[in-house]
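Below, each chain spelled out in residue letters.
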Amino acid sequence: MSDATAIEKLKKAKVQLMINYPFFGYVVMTFKDKVDDSLGTVGTNGSHLFYDPKFVNSLSTKKLMGVMCHEVYHCILSHIPRRKNKIPMIWNFATDYAINGIIKKDGLELPEGVLYDPKFDDMTAEAIYEKLLKEAKKTAKEAGTKGKGEGKKTLDDHSCWGDEEGDSFSEEDWKNKIAAAATIARMAGKLPGNIETLIKELLHPTLDWKTLIQNKVYSQLNNDFRISPPNKKYLWQEIYLPS
């Protein structure tokens, strides 16, 4: 099958997402499609959707929809900037485990052999990363190898993370995309509850209890203090306090 066939399959999958999963459909429509015959799969850097026509043509429409949602999740969960100084291969595995568990709960299909383990359900990519890192170190110690995940393979290509193609991953831009996509999905009455919760956490993150208490205490304090001149009430005792 030709590149033209792959383009038509991509269009069909995008339309189906817009109809059935408008939140993901809107976001996918913002990607700029770019062919990469050497990729063997798909990938994104936050602005482009890189795809190998052979891989696209090998998938059913439903599986292609799941793959596109996989790419969207990498972006809305900020997996690209969250990688920081982590070991890339293990971080790649961790993010795929985290995403694929969510996608399965969404009722979407994925290609056979993707990274998925129910023990990682409802865990953050960072938590999964730490577990995988411990397992890798244990394997390396026992086998005398690097043990960074031999035999495992991510669904998509993450080598384009950090390859800007003229632009860079902007968390602020993605917040705007997420807000717009959520609005469209709500208007269609098709914004899943788990996505609604995720969006609230992404766009309106709650402070931890220590920060909340700290803010509350500071708000009740009179912090208009001055050390000069000192408080005259205690000067006779040679005690210098703010006035």
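Model, not experiment: these values are computed from the prediction.

J.: Is there a simple way to explain the packing of aromatic side chains in this structure?
T.: Tallied over the full model, the rule gives 5 aromatic pairs. Put simply, the rings of Phe23, Phe24 and Tyr73 pair up and form one aromatic cluster. Between the NZ or CZ atom of Lys86 and the centre of the ring of Trp91, over which it lies, the distance is 4.7 Å. Here the guanidinium or amino end of Lys104 rests over the ring plane of Tyr116, the centre of that ring lying 5.1 Å away.

J.: Teacher, can you tell me more about unusual backbone geometry here?
T.: Peptide bonds are mostly trans, and most non-glycine residues show a negative phi. Despite not being glycine, Ser78 shows a phi value in the positive range, around 55 degrees. Tracing the backbone through its elements, the reader meets Ser78 in the loop between α4 (61-76) and α5 (79-82).

J.: Looking at this structure, I do not really get the side chain of His79. What am I missing?
T.: Inspection of the secondary structure puts His79 in helix α5. If near-sequence neighbours (up to four positions away) are discounted, His79 is found in contact with Tyr73, His74, Trp91, Thr95, Ile99, Ala125 and Trp161.

J.: Which parts of the structure should I look at to understand the sheet that holds strand β3 (residues 48-51)?
T.: Hydrogen bonds between backbone groups are what pair the strands of a sheet, and the pairing can be parallel or antiparallel. On the basis of which strands lie adjacent, the open sheet formed by 3 strands has the order β1-β3-β2 and mixed pairing. Each edge of the open sheet carries a strand with a single partner, namely β1 (32-35) and β2 (42-44). Ignoring which end each strand starts from, the neighbouring axes of this sheet average 25 degrees apart. Across 3 bridges, the pairing between β2 and β3 is antiparallel. Residue pairing for β3: Thr44 is matched across the bridge by Leu49. Set on the sheet, helix α1 (residues 3-20) makes contact with β1 and β3; between it and β3 the angle comes to about 135 degrees.

J.: How do you make sense of the environment of Leu115 when you look at a structure like this?
T.: Counting through the fold element by element, Leu115 comes out in the loop between α6 (88-105) and α7 (125-143). Judged by relative accessible area, which is 7%, Leu115 ranks as buried. Taking the C-alpha atoms as reference points, Leu115 and Asp96, separated by 19 residues in sequence, lie 6.2 Å from one another. With residues up to four places along the chain from it excluded, the contact list for Leu115 reads Phe93, Asp96, Tyr97, Asn100, Lys152, Lys153 and Thr154.

Rules used throughout
- Residues numbered from 1 in each chain as written.
- Predicted model: local features only at pLDDT ≥ 70, side-chain atom pairs only at ≥ 80, totals over all residues.
- Heavy atoms only, no water.
- Phe/Tyr/Trp six-rings, centres within 6.5 Å; stacked < 30°, edge-to-face > 60°.
- Lys NZ or Arg CZ within 6 Å of the ring centre and 35° of its normal.
- Helix = DSSP H or I, 4+ residues; strand = E, 2+ residues; numbered from the N terminus.
- Contact = heavy atoms within 4.5 Å.
- Pairing = 2+ DSSP bridges.
- Axes fitted to C-alpha atoms, helices over the stretch in contact; angles between N-to-C directions.
- Buried < 20%, exposed > 50% of the residue type's maximum accessible area, 1.4 Å probe, protein only.

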